[in-house]
Amino acid sequence: MGSAKKSSNTARQARIAEMRRAEEARNRRNRILTITLSTVVVAGLVVGGVFLVRSQSDDSSGDTASDGKTSGKFVTGADGVRTWEGDLGRNHVTEKVSYPVEPPVGGDHNQVWMNCNGDVYTKPLNNENAVHSLEHGAVWVTYTDQAPKADVDKLAAKVKKTPYSLMSPDDKQKDPIMLSAWGHQRTVTGADDPNVDKFFEKFVQGQQTPEPGAACTNGLSQ
């Protein structure tokens, strides 16, 4: 039993290390490209090229949405994870989306994702940007002002060392601490709840990810 758990942890650490190396390699290539461009060309790219960089998703269709093209309901499993059974839209939109749950676990979203390379935000996020991060395979940790500071600090430390994760306050959610991934969500009692590690291990770049390996950097940041 212990050997199997150790093997699982080793595999997960190797997966996270590989994701981090891929992100670093992508960033190095971007820096080299920027340095070799002239100031005039770079200025032009700032205006016209950012749109192309930030829209590198194969789900770009549609301009507006009010309901996230989402239908269905949560079904709670024996492990306490709520799984969305129904449709989750994946169109890029420019308007606010009315999601059926808070925080949302999928649906139409903004073309720009929130940076989710272990990013911890101190202000609430626009759901439309965070949902795009979930599409890329990120786990989103959210909390209300009822969450103990000690738990918030511990969770922030975990997120900071985990690629494809992000964290932010959300006083509109029903429970003090919640974890979300594309199509999946659960409540946890605190940072030491063993379900935190289980959720991260299963859903960080997990099988539910619509766009595995898509970037968690070069997006939007507060």
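Structural notes, computed from the coordinates.

Rules used throughout
What you see as residue numbers is a count from 1 along each chain, following the sequence as written. Whole-chain, interface and lining totals are the exception, using all residues; otherwise, since this is a predicted model, local features are given only for residues with pLDDT of at least 70 and side-chain atom pairs are given and counted only at 80 or more. Only hydrogens and water are removed before side-chain values are computed, so all heavy atoms of the structure are retained for them. We call a residue buried when its accessible area falls under 20% of the maximum for its residue type, exposed when it is over 50%, and partly exposed in between, using a 1.4 Å probe and counting protein chains only. Each helix is a run of H or I in the DSSP string that is no shorter than four residues. Each strand is a run of E no shorter than two, and both are numbered from the N terminus. DSSP bridges decide pairing: two strands pair if at least two such bridges lie between them. Lines fitted to C-alpha atoms define the axes, with helix axes restricted to the stretch in contact, and inter-axis angles between N-to-C directions lie between 0 and 180 degrees. Our angle categories are set so that under 35 degrees counts as roughly parallel, over 145 as roughly antiparallel, 65 to 115 as roughly perpendicular, and the remainder as oblique. Helix crossings are classified by the rotation of the near helix relative to the far one: an anticlockwise turn of less than a right angle makes the crossing left-handed, while a clockwise turn makes it right-handed. Should any heavy atoms of two residues lie within 4.5 Å, those residues are considered in contact. Here the term charged refers only to Asp, Glu, Lys and Arg, the term nonpolar to Ala, Val, Leu, Ile, Met, Phe, Trp, Tyr, Cys and Pro, and the term polar to all other amino acids, Gly among them. For this analysis, a nonpolar core means a set of buried residues of the types Ala, Val, Leu, Ile, Met, Phe, Trp, Tyr and Cys, connected via side-chain atoms within 4.5 Å. Cysteine sulfur atoms that pair up within 2.5 Å are treated as a disulfide.

What follows is about the pairing of strand β8 (residues 177-181). For β8, the buried fraction is high: five of the five residues fall into the buried class. Note that strand β6 (residues 139-143) and β8 share four bridges and pair antiparallel. Along β8, the bridge assignment pairs T142 with M178. One ladder, built from four bridges, connects β8 with strand β9 (residues 184-187); its direction is antiparallel. Across the sheet, residue S180 finds its bridge partner in β9, namely Q185. Here β8 folds back onto β9 in antiparallel fashion, the turn holding two residues, of which G183 has a positive phi close to 80°.

Between helix α4 (residues 149-160) and helix α5 (residues 194-203), the shortest axis-to-axis distance is 13 Å and the interhelical angle comes to 20°. What the angle tells us is that α4 and α5 run roughly parallel. Relative to α5, the crossing made by α4 is right-handed. For the pair formed by α4 and α5, the contact residues are L155, K158 and V159 on the first element and V196, D197 and F200 on the second. Split into classes, the residues belonging to the contact of α4 with α5 amount to four nonpolar, no polar and two charged.

This paragraph deals with the nonpolar core. Within the largest apolar cluster, 38 residues are counted, with the highest numbers of intra-cluster contacts made by L166, M167 and F200. Secondary structure elements with two or more residues in this core: α1 (2-36), α3 (127-135), β6, α4, β7 (165-169), β8 and α5.

A few words now on the state of the cysteines. With the rule as written, the count across this model stands at one disulfide. Between C116 and C216 runs a disulfide, and the two sulfur atoms are separated by 1.7 Å. Between C116 and C216 the sulfur-sulfur dihedral comes to about -90°; the bridge is accordingly left-handed. In this pair, C116 sits in the loop between β4 (109-110) and β5 (117-120) while C216 sits in the segment after α5, placing the two residues 100 residues apart along the sequence.

As a further point, take the sheet that holds β8. Strand order in the open sheet formed by seven strands is β1-β2-β9-β8-β6-β7-β5, with mixed pairing between adjacent strands. The open sheet has two edge strands with one neighbour each: β1 (71-76) and β5. If you compare each strand with its neighbour and ignore which way they point, the axes differ by 20° on average. Strands β6, β7 and β8 of the sheet are contacted by α3, whose axis makes an angle of about 140° with β6. Its contacts with the sheet put α5 on β6, β7, β8 and β9, and the angle it makes with β8 is roughly 15°.

Everything listed is a geometric property; what it means functionally is a separate question.
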